[in-house]
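The chain contents come next:
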Amino acid sequence: MSKPFMFEKPLGMRDTLPEMYEMKKQIREQLEEEMSAWGYQMVETPTLEYYETVGLASAILDQQLFKLLDQQGNTLVLRPDMTAPIARLVASSMKGEAYPLRLSYQSNLYRAQQHEGGKPAEFEQIGVELIGDGTVSADGEVIALMASALKSAGLSHFKIAIGHIGYVNALLEDIVGEQSDTLRRFLYEKNYVGFKEHVKNLPISSIDKGRLLGLLKLRGDKKMLTDASKLVSTEQGAKALAELEELWQVLESYGIEDFVKLDLNLVLHMSYYTGAVFEGYSSNLGVPLCSGGRYDELLGKFERPGQATGFGLRLDLLVEAIGKKAEQRQATCIMFSKERRAEAFREAVSLRQEGKAVVVQDIAGVTDLDGMSEQFTDVLYFIGQKKGEA
Ligand SMILES: N[C@@H](Cc1c[nH]c[nH+]1)C(=O)O
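These numbers come from a predicted model, not from an experiment.

*Asks:* Describe the sheet that holds strand 13 (residues 331–336), with residues and values.
*Replies:* Ordered by their spatial adjacency, three strands build an open sheet running 14-13-15, and the pairing between neighbours is parallel. Each of the sheet's edge strands pairs with one partner strand only, and the pair in question is strand 14 (357–362) and strand 15 (378–382). Between one strand axis and the next, the sheet turns by 20 degrees as a mean value, whatever way the strands run. Alignment of strand 13 against strand 15, held across five bridges, turns out to be parallel. Bridging from a neighbouring strand, Thr-332 pairs with Asp-378 of strand 15.

*Asks:* I'd like a description of the pairing of strand 10 (residues 276–282), backed by residues and values.
*Replies:* Within strand 10, six of the seven residues are buried, which leaves it mostly tucked inside the rest of the structure. The sheet contact formed by strand 7 (residues 158–164) and strand 10 spans seven bridges and is antiparallel. Paired with Ile-160 across the two strands is Gly-280, which belongs to strand 10. Bridge count for strand 10 against strand 11 (residues 290–294) is four bridges, and the pairing is antiparallel. Across the sheet, residue Glu-279 finds its bridge partner in strand 11, namely Ser-291.

*Asks:* Account for the sheet that holds strand 3 (residues 67–69), naming residues and giving values.
*Replies:* On the basis of which strands lie adjacent, the open sheet formed by three strands has the order 2-4-3 and antiparallel pairing. Two strands close off the open sheet at either side, each with one partner strand: strand 2 (48–50) and strand 3. Each strand axis lies, on average, 40 degrees off the axis of its neighbour in the sheet, ignoring direction. Bridge analysis of strand 3 against strand 4 (residues 75–78) gives three bridges, and the strand direction is antiparallel. Paired with Lys-67 across the two strands is Val-77, which belongs to strand 4.

*Asks:* I'd like a description of the site of the ligand, backed by residues and values.
*Replies:* Near the ligand you find 16 residues, and of these Asp-81, Thr-83, Arg-111, Glu-129 and Tyr-273 are the closest. In this structure, Gln-125 approaches the ligand through a side-chain N or O atom, which is 2.9 Å from an oxygen atom. Taken by itself the ligand offers 300 Å² of open surface, and the protein chains cover 96% of this. Residue composition of the shell around the ligand, by class: six nonpolar, seven polar and three charged.

*Asks:* Got a sec to walk through the UniProt feature "binding site: L-histidine" (unreviewed entry) in the chain? Specific residues and values, please.
*Replies:* UniProt marks Asp-81, Met-82, Thr-83, Arg-111, Gln-125, Glu-129, Tyr-272 and Tyr-273 with the feature "binding site: L-histidine" (unreviewed entry), using the numbering shown here. Within the secondary structure layout, Met-82 lies in the loop between strand 4 and helix 3 (83–91). Not counting the four nearest positions on each side in its chain, Met-82 is found in contact with Thr-45, Tyr-105, Ser-107, Leu-109 and Gln-125. Following the sequence through the fold, Arg-111 ends up in the loop between strand 5 (101–110) and strand 6 (122–131). In this structure Arg-111 touches Ile-60, Gln-64, Phe-66, Pro-80, Asp-81, Pro-120, Ala-121, Phe-123, Gln-125, His-269 and Met-270, once residues within four positions along its chain are discounted. Within the local environment of Arg-111, its side chain forms a polar contact with the backbone oxygen of Pro-80, the two atoms lying 2.8 Å apart.

Definitions and cut-offs
- Residues numbered from 1 in each chain as written.
- Predicted model: local features only at pLDDT ≥ 70, side-chain atom pairs only at ≥ 80, totals over all residues.
- Heavy atoms only, no water.
- Pairing = 2+ DSSP bridges.
- Helix = DSSP H or I, 4+ residues; strand = E, 2+ residues; numbered from the N terminus.
- Axes fitted to C-alpha atoms, helices over the stretch in contact; angles between N-to-C directions.
- Buried < 20%, exposed > 50% of the residue type's maximum accessible area, 1.4 Å probe, protein only.
- Near = heavy atom within 4 Å.
- Polar contact = N/O pair within 3.5 Å; in protein donor to acceptor, adjacent residues only side chain to side chain.
- Areas by Shrake-Rupley, 256 points an atom, 1.4 Å probe, with all protein chains shown as cover.
- Nonpolar A, V, L, I, M, F, W, Y, C, P; charged D, E, K, R; others polar.
- UniProt positions renumbered as here; feature names shortened; annotations may be inferred.
- Contact = heavy atoms within 4.5 Å.

As C-alpha cells, then:
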C-alpha cells in the first residue's frame, strides 16, 4: 500500500465542521429530551468490545467490522451497533435491575465500508432499547416514540414501514426450507429484480412460485393482512400476522396510523431480529434514517433471557432530511490592545453574564482585520491608552 496523502482520511471517515456540529447538537438535544420524557434513561458503553462476545452478537457481516488486537492478544471490535453492548450491560452491571428496563443511548458506531464516496464508516446513532417486555404494546411504544422523536426534531414528512421477520421466515421456510438465506438476502438488499429472477429458477411448483412473488405485493394498511394470511398457513405465520394486527391497533391508539404502513417484505441488516421490524423514511432521502425491531433471543446469549425491542436513528441522515440550517449563536468580538487588556477581559465577563457569547482578541494577533471583523455582528474596540490617561 502506498503512503496516504497528508490530507486523506481512512475510508468512510468524516470531519464535522462548526455548522454541522451545531445542527447535530440541536437535533440531538431534542431527541434526547423526547426519549427522557418517555422515561428512558441514558447509558454509555465502551467504544471497544470483545469480538467473541459483543462483536459476534451484533450480528453484522464480518467484513463490516473494524477489528484490532489488544496487548493481551484478544480480538476487539469497534462497536458496530449499540443493541448488543446494551444486552451485555443489562446482563452484567444491571443484572439486579428488574425488567422491563427502558434505556437510551447516543453513540458513535463503526461499520467498515468497501468503497470510497459511499456511506460513512463512523456515524452517530441515537436510540432506545425496551428490555424485558414481550408485549405488542412494547413494540407499539418504541415505534410511537420513534415517530414522536422525529417530529420533535422537526421532521414532518416521514413514513414508518413495518414488517415481521417471523412472517417472512415462515413463508420462505415453508416453501424453500433451508435454502431461504439467499431469498432473505435479496429482500434485505431490496433487490426485488434479483428476488424474482431467483424465484423463477427455483425447482418448486408454480403455485409456490406465485406465493413467493406474492410476498413482494404485501404492502399497505391493515387490510393487506388478509392477503398475507392466504400465503402462509403455518402456526408461525399466523402468530406473526396476529401480532401485526394487534400492533396496528396499538398504533391507532397512539393516533399515528397516518405515519405508518405495513411492508411484509421488510428484512433488516441485523440478524438478531425475531419479530416485528420497522424502518423510517423521510420523503427527501433515498435511504432509511432509522430502524429497529424485536429481538427476543439476544439477551439469552448473555445469560439473562428477556424479550426486547428498540430502534436506532442516524443523526447525520436526520440532519440531512431536516435540511435547515442551525441557528448559530452570534458572538460579539472585543478587540483589544495590551494597554487595555484587563478592561477588555472585565467587559467580556460582564457581557457573558448577560448571556452573550464573546470573543476577546488581541489586535496584535490579527493579520486580516476586515476578514476577522466580518465574522461578527458587533465588534467593540479596547485599543490604545485608556480614556482619560495621557
Ligand atoms: N441496533 C440496530 C437498531 C436497533 C435498536 N434496537 C433494535 N434495533 C441497528 O443499529 O440497526
